[in-house]
Amino acid sequence: EIVPGLFVALKYGLSDASTLVLVGTNSEQKLANISEIDRIQTNGKKIVWSSTWYDVRWGQKEFADINMFDIITKKTTRITRNQRYFAPAISPSGELIAAIEYNSEMQCSLVLIDAINGELIKKFTVAKNEFLRMLSWSDDGKQILLTKTKGQFKVFAIYDIDKKTLTDLTDYTTENITNPIFYKYYILFNSSRGDFDEIHAFDTISKKRY
């Protein structure tokens, strides 16, 4: 949500390329055509996503680099070069971008990069059999909420930027839990159970789920 009642969305169809749009109650404004390989994310001022890029000399070599669209200036910038960064999320201040990195051996890491020059600032590598997804920042920019998978099991976890620690928030489950975000002292997320796609809330204080 950019301002009350105005949202950034990704619009696409079988015959339509992916497009960033601003959607209001009775309006829709096109921002830019993009080529994304995972979900988009915004802090209300800038939008980030990953796209596939090919080596200029070796065409078969692929990279996943981060792009950023400035809603005010309407300009798109390629933030990184020749990296393998996925699922980027820009911090509330706009100074940092968190992303998931895979090296050539498919080792997974959470990285923090400078949102202006793309330089690597911090890196946290998980075990070889663990994978991270779906990053979301806390309002104060001190924590990153994410989904961690291990085999067929999933868990929500929080990375503390100052302490450089990754802590499991919930129990491991085979349930299809996705798209976690912070909301006050709750974690809101999707859960697909049977024929239903539901929105759930996890109380981080009482540990109860609604």
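Scroll up for the structure.
The shown structure was predicted, so the numbers you read here are calculated from the model rather than taken from an experiment. (Residues numbered from 1 in each chain as written. Predicted model: local features only at pLDDT ≥ 70, side-chain atom pairs only at ≥ 80, totals over all residues. Heavy atoms only, no water.)

(A) Geometry of the pairing of strand E13 (residues 143-150). Among the 8 residues of E13, 6 are classified as buried, and the element is accordingly described as predominantly covered. Pairing of strand E12 (residues 130-137) with E13, which is carried by 6 bridges, proceeds in the antiparallel orientation. Each residue of the ladder has a partner; that of Leu132, found in E13, is Lys148. In this structure, the hairpin formed by E12 and E13 is closed by a connection of 5 residues, where Gly141 is found at a positive phi of approximately 70 degrees. Direction of pairing for E13 relative to strand E14 (residues 153-160): antiparallel, over a ladder of 8 bridges. Residue pairing across strands places Ile144 opposite Tyr159, the latter belonging to E14. (Buried < 20%, exposed > 50% of the residue type's maximum accessible area, 1.4 Å probe, protein only. Helix = DSSP H or I, 4+ residues; strand = E, 2+ residues; numbered from the N terminus. Pairing = 2+ DSSP bridges.)

(B) View of the packing of aromatic side chains. Across all of its chains, the model carries 5 aromatic pairs by this definition. Relative to Phe189, the ring of Phe156 has its centre 5.0 Å away and its plane inclined at 65 degrees; by these criteria the two rings are edge-to-face. In this pair, Phe156 sits in strand E14 while Phe189 sits in strand E17 (residues 186-193), placing the two residues 33 residues apart along the sequence. Given the relative accessible area of 2%, Phe156 is considered buried. The class of Phe189 is buried, set by a relative accessible area of 4%. Ring centres of Tyr185 and Tyr186 lie 4.6 Å apart, and the angle between their planes is 25 degrees; on these two criteria the pair is classed as stacked. Exposure remark for Tyr185: the relative accessible area of 40% places this residue in the partly exposed category. Following the ring pairs from residue to residue traces out a cluster consisting of Phe86, Tyr102 and Phe131. (Phe/Tyr/Trp six-rings, centres within 6.5 Å; stacked < 30°, edge-to-face > 60°.)

(C) View of the nonpolar core. Within the largest apolar cluster, 18 residues are counted, with the highest numbers of intra-cluster contacts made by Leu110, Leu132, Leu135 and Ile144. Elements supplying a minimum of two residues to this core: strand E8 (85-90), strand E9 (96-102), strand E10 (108-114), E12, E13 and E14. (Core = buried A, V, L, I, M, F, W, Y, C linked by side-chain atoms within 4.5 Å.)

(D) Just the side chain of Arg78, in detail. Mapped onto the fold, Arg78 is located in strand E7 (residues 76-78). Polar contacts involving the side chain of Arg78 include one to the side chain of Asp65, which spans 2.8 Å. Within the local environment of Arg78, its side chain forms a polar contact with the backbone oxygen of Thr80, the two atoms lying 3.2 Å apart. The contacts of Arg78, once residues within four sequence positions are left out, are Trp53, Asp65, Ile66 and Asn67. (Polar contact = N/O pair within 3.5 Å; in protein donor to acceptor, adjacent residues only side chain to side chain. Contact = heavy atoms within 4.5 Å.)

(E) Structural context of the pairing of E14. Counted residue by residue, E14 has 7 buried out of 8 residues, so it is predominantly covered. Connecting E13 to the antiparallel partner E14 that follows it, the hairpin turn spans 2 residues, and Gly151 within it adopts a positive phi of roughly 65 degrees. Pairing analysis gives 4 bridges linking E14 to strand E15 (residues 165-168), with the strands arranged antiparallel. Within E15, the position partnered with Ala157 by the bridge is Asp168. Counted between consecutive antiparallel strands, the loop separating E14 from E15 contains 4 residues, among which Lys164 sits at a positive phi close to 60 degrees.

(F) Representation of the sheet that holds E8 within the structure. The strand order across the open sheet built from 4 strands is E8-E9-E10-E11, with neighbouring strands paired in antiparallel fashion. A single partner strand is all that each edge strand has here, and the edge strands are E8 and strand E11 (120-125). The average undirected angle you get between the axes of adjacent strands in this sheet is 20 degrees. Relative to E9, E8 is paired through 4 bridges, and the arrangement is antiparallel. Within E9, the position partnered with Phe86 by the bridge is Ile100. (Axes fitted to C-alpha atoms, helices over the stretch in contact; angles between N-to-C directions.)

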